[in-house]
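Analysis of the macromolecular model
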Amino acid sequence: MRACFPIPIPSGKRPARAASAARVGFTTSPPPLSPSRCLPDSRAAWSRCCLPGFPSNAPCRTAQRPPPCGLPRPAGLPPACLRRLPPPPSPRQPMAGPCSARLQGEAAAFTAALRTLVNNPQFSDVTFVVGQEQQKVFAHRCVLACRCQAFQGMLGQGPAGSEDSPSSIPPQGPFILGNVQPEVFLAVIEFLYTNSVTLNSHILCVKFIKDTLSVEQVCEALQAAVTYGQADLQQHCLAFIEGCTAAVVRTQGFHELSDVVLARVLRSDRLAVDELDLVQAVREWAHVSSAVLERPVPEVAALPVRELRLPLLAPSELVTLESHNQRDLLIPAESIAAAWRSHALRKGSGVPSRLCRPRRGTRPRDHHRHLDPHAK
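How each quantity is defined
Residues numbered from 1 in each chain as written. Predicted model: local features only at pLDDT ≥ 70, side-chain atom pairs only at ≥ 80, totals over all residues. Heavy atoms only, no water. 1 Å grid on protein atoms, 1.4 Å probe; cavity = no way out; pocket = protein on both sides within 12 Å on 5 of 7 lines; lining within 4 Å. Points joined across faces, edges and corners; volume = space filled by probe spheres on them. Helix = DSSP H or I, 4+ residues; strand = E, 2+ residues; numbered from the N terminus. Phe/Tyr/Trp six-rings, centres within 6.5 Å; stacked < 30°, edge-to-face > 60°. Buried < 20%, exposed > 50% of the residue type's maximum accessible area, 1.4 Å probe, protein only. Pairing = 2+ DSSP bridges. Core = buried A, V, L, I, M, F, W, Y, C linked by side-chain atoms within 4.5 Å. Contact = heavy atoms within 4.5 Å. pLDDT = per-residue confidence, 0-100.

What the largest pocket holds in volume is close to 1400 Å³. In this structure, the largest pocket is lined by 36 residues; those nearest its centre are Cys 148, Phe 208, Ile 209, Thr 212 and Gln 217. Those elements giving two or more residues to the lining of the largest pocket turn out to be helix 5 (149–156), helix 6 (182–194), helix 7 (203–211), helix 8 (218–227) and helix 11 (252–255). If you tally residues by element for the lining of the largest pocket, the top one is helix 6, at six residues.

Shown next, in the form of structure tokens:
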């Protein structure tokens, strides 16, 4: 498509540059038009605004629009020049390729705008009653659900007995969180809305984690506590695991523990699970870790396996364990041999004493009385 500059040029004095433009045309848009470059009484200025190929008598639906050059239309001149520009693209058909553009706003302004929604009852569609003070906290379901899996599960569950899908009927509020301090909950809400929060102390975070621990999250919290050296939080998480071990060992968080943290858990005497179930849980953890780390099962499980209390298993259970062990070599042969030796000698000879102590959840077996060092 060709286009010409709307500059009136006296007859016989056409510059070479303008002649070239008239001869070959332009494939790109011309520079902005300036009214000072057009003669107010010149019909030539109007005629040069026209695109070649449009007849002067062509109908124009935009006859009332001003011309591109800013001049009043001379009498008798058809408004075909107003068709020199293509119509703007439809909103449903965005401009593609070189014509597209990406706009980037200020992150600080965006964050400040979202911060005004924190605990703001306007447009809020979910309410929490927090703490012993029963303080109301207002929030927005879509923000909480897209930012936090825990809130997504809480807000997405339908009413009990409903036959509809969980996402079709949101649960009715308010949600009661009596064990959570309001200032801690508000700090979490602010972080979810703005991706930043100022805490006076890490105690707020630790307190919130303690108050909201669940079977699904406790292993993740324990791993973080060990990583960041939070001894108090470690003890709290371990006590939680000891209270519901059988459920915890089936979670994804348990399978994602590091070998050091898992070994620490296995040293506890208060785990509420039988040793045979614990061996199976460690086997599943080892296979997951082996696939993730791309290392052999015996290598990734070397440290936790040392804490398994094999002498607590009955002879028939040891036989089954040996059969399974031939497939993945999870447990060293010498550890199984030491367990057999304790059965043969009817005492925990050659085995560390901690490996002969029953846990809180260990099912009683006949040979356990021989493992008790105080038994006669």
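Bringing the packing of aromatic side chains into the picture now. Scanning all chains against the criterion turns up four aromatic pairs. Taken together, a centroid distance of 5.7 Å and an interplanar angle of 70° make the contact between Phe 128 and Phe 151 edge-to-face. Separated by 23 residues along the polypeptide, Phe 128 in strand 1 (residues 126–130) and Phe 151 in helix 5 bring together distant segments of the chain. With respect to class, Phe 128 is no different from Phe 151; both count as buried. Through a chain of ring-to-ring contacts, the aromatic side chains of Phe 128, Phe 151, Phe 175 and Phe 185 assemble into a single cluster.

Inspection of the sheet shows strand 1 paired to strand 2 (residues 135–139) by five bridges, in the antiparallel sense. Paired with Phe 128 across the strands is Val 137, a residue of strand 2. Between the antiparallel neighbours strand 1 and strand 2 lie four residues, among them Gly 131 with a positive phi of about 75°.

This paragraph deals with the nonpolar core. In terms of nonpolar packing, the biggest core is built from 39 residues, with Ile 241, Phe 254, Leu 308, Leu 310 and Ile 331 touching the most fellow members. Elements that contribute at least two residues to this core include exactly helix 8, helix 9 (231–243), helix 12 (259–266), helix 13 (275–293), helix 16 (315–328) and helix 17 (333–345). Excluding its chain neighbours within four sequence positions, the residues that come into contact with Leu 308 are Leu 266, Glu 275, Leu 278, Val 279, Val 282, Ile 331, Leu 355 and Arg 359. Within the second largest apolar cluster, 19 residues are counted, among which are Val 118, Leu 155, Phe 175 and Ile 189.

Now for the confidence of the model for the protein chain. In this model, the protein chain carries a mean pLDDT of 77, and residues with pLDDT of at least 70 account for 66%. Predicted confidence is poor over residues 1–64, with pLDDT under 50, and the contacts of this stretch with residues over four places away or in other chains come to 80 contacts. Segment residues 77–85 is flagged for pLDDT under 50; beyond a separation of four residues in sequence, or across chains, it makes 30 contacts in the model.

Moving on: the environment of Val 297. Turning to its location among the elements, Val 297 is positioned in helix 14 (residues 297–300). For Val 297, a relative accessible area of 11% puts it in the buried group. For the pair Val 297 and Leu 330, spaced 33 residues apart in sequence, the C-alpha separation works out to 6.1 Å. For Val 297, the contacting residues outside a window of four places in its chain are Ala 286, His 287, Ser 290, Asp 328 and Leu 330.

Take the environment of Gln 252 next. Mapping Gln 252 onto the fold places it in helix 11. In this structure the C-alpha to C-alpha distance between Gln 252 and Trp 285, which are 33 residues apart in sequence, comes to 9.3 Å.

Below, the discussion takes up unusual backbone geometry. The phi dihedral of Phe 123 falls on the positive side, at around 65°, and the residue is not glycine. With respect to the helices and strands, the residue Phe 123 is situated in the loop between helix 3 (107–115) and strand 1. Assessed through its relative accessible area of 66%, Phe 123 is described here as exposed. The phi dihedral of Leu 329 is positive, around 55°, even though this residue is not glycine.

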